[in-house]
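What the coordinates show
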Amino acid sequence: MIARLLSAVALLWALGFAWFAIGLPEPAPDALVTDAIVVVTGGPGRVRRGLHLLAAGRAQRLLVSGADRRVRAGELAAINDVPPALVAQRVDLGHEAVDTRSNADETAAWLARHGFRTVRLVTTDWHMPRARFELARVVDGKVRIVPDAVRSEPGLMILFKEYHKYLLRRLAAPLGV
């Protein structure tokens, strides 16, 4: 009996990992318009994607959540080839977040402060399930989240670690942890 139960759990784990690895989210359509864009820092291409969507008029404002305190608006504009005025006038740098949970908290507070009802969430494809889960928990249905995954080519270990982080958060969140 115990061997069957353990086998069933192992099978569910393996199928879940396969689903996670094969079903990585895609980028949202570029033409889609939301009230806001939030970029969760930490991976290549994330900030650039968010800034270029903002420059294309796909949102009113952008938050870079978890930005390094040393980053300045002018540098951000120059590195990502967007007008400095765009960054100075329509981009907020969030410096409080240190992990995915605090990214969600920082984002939820920013969304509420501005009264935004729709947000394009930009992060790497392998990070999107957990980032979206954390944000959805704290906005509690008050904001529509549009996932916009930046494509990557993650290695097996990145997928393995992220899958387990995602599973642990899905299990711990209902317990208030």
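The structure contained in this document is the topic of the report that follows. (Residues numbered from 1 in each chain as written. Predicted model: local features only at pLDDT ≥ 70, side-chain atom pairs only at ≥ 80, totals over all residues. Heavy atoms only, no water.)

1. Topic: the packing of helix α1 (residues 2–22) against helix α7 (residues 156–172)
At a minimum axis distance of 10 Å, the contact between α1 and α7 shows a crossing angle of 115 degrees. As summarised for this structure, α1 and α7 are arranged roughly perpendicular, according to the angle between their axes. Note that α1 runs across α7; the crossing there is right-handed. Contacts between α1 and α7 involve L12, W13, G16, F17, F20 and A21 from the former and L156, L159, F160, E162, Y163, H164, Y166 and L167 from the latter. Class assignment of the residues belonging to the contact of α1 with α7 gives a composition of 11 nonpolar, two polar and one charged. (Axes fitted to C-alpha atoms, helices over the stretch in contact; angles between N-to-C directions. Helix = DSSP H or I, 4+ residues; strand = E, 2+ residues; numbered from the N terminus. Parallel < 35°, antiparallel > 145°, perpendicular 65-115°, else oblique. Left-handed = near helix turned anticlockwise from the far one by under 90°. Contact = heavy atoms within 4.5 Å. Nonpolar A, V, L, I, M, F, W, Y, C, P; charged D, E, K, R; others polar.)

2. Structural notes on the pairing of strand β2 (residues 61–65)
When you tally the buried positions in β2, you get five out of five residues, the bulk of the element. Of the strand pairs in this sheet, strand β1 (residues 36–40) and β2 are connected by five bridges, and their pairing is parallel. Along β2, the bridge assignment pairs V40 with S65. Tracing the backbone out of β1, into helix α2 (residues 46–55) and back to the parallel element β2 gives a crossover that is right-handed. Pairing between β2 and strand β3 (residues 91–94): four bridges, direction parallel. Following the sheet pairing, L63 is matched in β3 by D92. (Buried < 20%, exposed > 50% of the residue type's maximum accessible area, 1.4 Å probe, protein only. Pairing = 2+ DSSP bridges. Right-handed = clockwise from strand over helix to strand, strands pointing away.)

3. Details of the side chain of E106
Within the secondary structure, E106 is located in helix α5 (residues 100–114). Although E106 is buried, it forms no salt bridge, and the closest oppositely charged side chain is R69 at an N-O distance of 7.4 Å. Beyond its immediate sequence surroundings of up to four residues, E106 is in contact with L63, S65, G66, G94, H95, E96 and A97. (Lys, Arg positive; Asp, Glu negative; His and termini not counted. Salt bridge = Lys/Arg side-chain N within 4 Å of Asp/Glu carboxyl O.)

4. As for the pattern of salt bridges
Enumeration over the complete set of coordinates arrives at 10 salt bridges. A salt bridge links R61 to D92, with the shortest nitrogen-to-oxygen separation between them at 2.8 Å. Here D92 lies in strand β3 and R61 lies in strand β2, a separation of 31 residues in the sequence. Residue class for R61 comes out buried when judged on its relative accessible area of 18%. With a closest N to O distance of 2.7 Å, D148 and R120 form a salt bridge. With a gap of 28 residues between them, D148 in strand β5 (residues 144–150) and R120 in strand β4 (residues 118–124) connect regions that are remote in the sequence. By relative accessible area, which is 0% here, D148 ends up buried. By relative accessible area, R120 is classed as buried at 0%.

5. Quick look at the packing of aromatic side chains
This structure, assessed with the given rule, holds nine aromatic pairs. Between F133 and Y166 the ring centres are 6.4 Å apart and the planes differ by 85 degrees, which places this aromatic pair in the edge-to-face class. Note that F133 is positioned in helix α6 (residues 128–139) and Y166 in helix α7, a separation of 33 residues in sequence. Feature note: the residues W13, F17, F20, F133, F160, Y163 and Y166 constitute an aromatic cluster, connected by ring pairs. (Phe/Tyr/Trp six-rings, centres within 6.5 Å; stacked < 30°, edge-to-face > 60°.)

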